[in-house]
Amino acid sequence: MTKAEKLVSILSEKGWHISFAESCTGGLAAAGIVDVAGSSAVLNASFVTYANEAKIKYVDVSPETIKLHGVVSEEVAGEMAKGVAKETASEVGIGISGIAGPGGGTDRKPVGMVCFGFCIDGEVFTKTMQFGNIGRTEVRTASVEFVYDTLLEKLSSL
């Protein structure tokens, strides 16, 4: 059983729904769930909020948060997760914002840095991962794997 299949199974058993607000992953996390038969019972919505304006308009990210912390930050990823959960009435909301590369990185926020927000049953937590300059596709794939692993760990313990 794949991680996505396990995730769909756990969410189905709980009667919960999941929604995504993805930036650098461009819908890849939601697509992995859609690949699973029966995913329509758990996947509410997915937004590819690549532009700052999309994050603000569709998933309630505060322009002030972007201004203070930058779009690639745990603060923004947390607001993305909370906002997408609220806007779609989902028990689980995921926010992903990062720098997949090959350009766009800085000393403070290098290529391969991805910030994650998780909103599970109303509780928000965040995490930043440094995947390194391993290639755009590889950063995106590693990000999805991290989301699935984190969700499997957290949801299995509830």
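From a predicted model like this one, the values you see are computed outputs, not experimental measurements.

Conventions used here
Residues numbered from 1 in each chain as written. Predicted model: local features only at pLDDT ≥ 70, side-chain atom pairs only at ≥ 80, totals over all residues. Heavy atoms only, no water. Pairing = 2+ DSSP bridges. Helix = DSSP H or I, 4+ residues; strand = E, 2+ residues; numbered from the N terminus. Axes fitted to C-alpha atoms, helices over the stretch in contact; angles between N-to-C directions. Contact = heavy atoms within 4.5 Å.

> Looking at this model, I keep getting lost on the pairing of strand β2 (residues 43-48). Mind explaining?
Residues in a regular strand project their side chains so that they alternate between the two faces of the sheet. Alignment of strand β1 (residues 18-22) against β2, held across 5 bridges, turns out to be parallel. By the bridge assignment for β2, phenylalanine 20 is matched with serine 46.

> Would you mind showing me how to read the sheet that holds β1 here?
Strand pairing within a sheet occurs via backbone hydrogen bonds; the two strands may be parallel or antiparallel. In space, the 5 strands of this open sheet follow the order β2-β1-β3-β4-β5, with mixed pairing throughout. Single-partner strands in this sheet number two, and they are β2 and β5 (123-130). Neighbouring strand axes in the sheet, compared pairwise and without regard to direction, differ in orientation by 10° on average. Sheet contacts for helix α5 (residues 74-88): β1, β2, β3 (92-98), β4 (113-120) and β5; angle to β3, the most-contacted strand, approximately 145°.

> Could you clarify how one ought to interpret the side chain of serine 97 in this entry?
Position of serine 97 among the secondary structure elements: in strand β3. Serine 97 has contacts with Ser23, Cys24, Lys55, Val71, Val72, Met80, Val114 and Cys115, leaving out every residue within four places of it along the chain.

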